[in-house]
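Here are the chains, one letter per residue:
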Amino acid sequence: MRTVDEWKAVLRAALKEAMRTRNTHATAALRATMAAIDNAEAADLSVAPAAVLGVFAGSAGGLGSGEVARLVLSPETVQAVVDRELQERRDAVALYTQLGKTDEARAVQAQLEVLLAL
């Protein structure tokens, strides 16, 4: 199983190549997957410091006191995010096919194949 850093490196390299070759389907799929990982790493706001009254509305008191560390994901969590992205595209292909939207189904299928090749 890949580490989190390996996943990010693979996705960045694949995105760079997709952009170089102007592969729009690959670019869209890779950007969406990278964004999903970034969203999973988003800070837990329940541990954020309470806002205080001051010069800026909703700010926290003191330099750096409003900062909250991002979550550290395990390799299993990143794999689950990638699997969820794959499943979303499989579901979309099935739905577009069922609705008779073959062009959209082909586009999403191309994205799915890019992610499967990782």
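Residues numbered from 1 in each chain as written. Predicted model: local features only at pLDDT ≥ 70, side-chain atom pairs only at ≥ 80, totals over all residues. Heavy atoms only, no water.

In the nomenclature of an unreviewed UniProt entry, the protein corresponds to Glutamyl-tRNA amidotransferase from the organism Myxococcus landrumensis.

Draft legend 1. Expanded view of the environment of A69. Topologically, A69 is positioned in the loop between helix 2 (24-40) and helix 3 (75-98). When the C-alpha atoms of A69 and E41 are compared, they prove to be 9.4 Å apart, with 28 residues separating the residues in sequence. (Helix = DSSP H or I, 4+ residues; strand = E, 2+ residues; numbered from the N terminus.)

Draft legend 2. Examining unusual backbone geometry more closely. Of note, the phi angle at R22 is positive, near 60 degrees, even though the residue is not glycine. Residue placement: R22 occurs in the loop between helix 1 (4-20) and helix 2. Overall, R22 belongs to the exposed group, its relative accessible area being 74%. (Buried < 20%, exposed > 50% of the residue type's maximum accessible area, 1.4 Å probe, protein only.)

Draft legend 3. Quick look at the pattern of salt bridges. Per the counting criterion, the structure on display carries five salt bridges. Between E85 and R89 there is a salt bridge; the shortest N-O distance is 2.9 Å. A residue pair is termed a helical-turn pair when its members lie 3 or 4 positions apart in one helix, as E85 and R89 do in helix 3 at four residues. E85 sits in the buried class, given a relative accessible area of 8%. Note that D103 is salt-bridged to R106, the shortest N-O span being 2.6 Å. With a gap of three residues between them, D103 and R106 both fall in helix 4 (residues 102-116), about one helical turn apart. The exposed category is assigned to R106, whose relative accessible area is 55%. Counted as one network, the salt bridges with shared partners bring together K8, E41 and R70. (Salt bridge = Lys/Arg side-chain N within 4 Å of Asp/Glu carboxyl O.)

Draft legend 4. View of the side chain of T33. With respect to the helices, strands and loops of the structure, T33 is situated in helix 2. Assessed through its relative accessible area of 1%, T33 is described here as buried. At 2.8 Å, the side chain of T33 forms a polar contact with the backbone oxygen of A29. When residues no more than four places from it in sequence are discounted, the contact partners of T33 are L11, V82, E85 and L115. (Polar contact = N/O pair within 3.5 Å; in protein donor to acceptor, adjacent residues only side chain to side chain. Contact = heavy atoms within 4.5 Å.)

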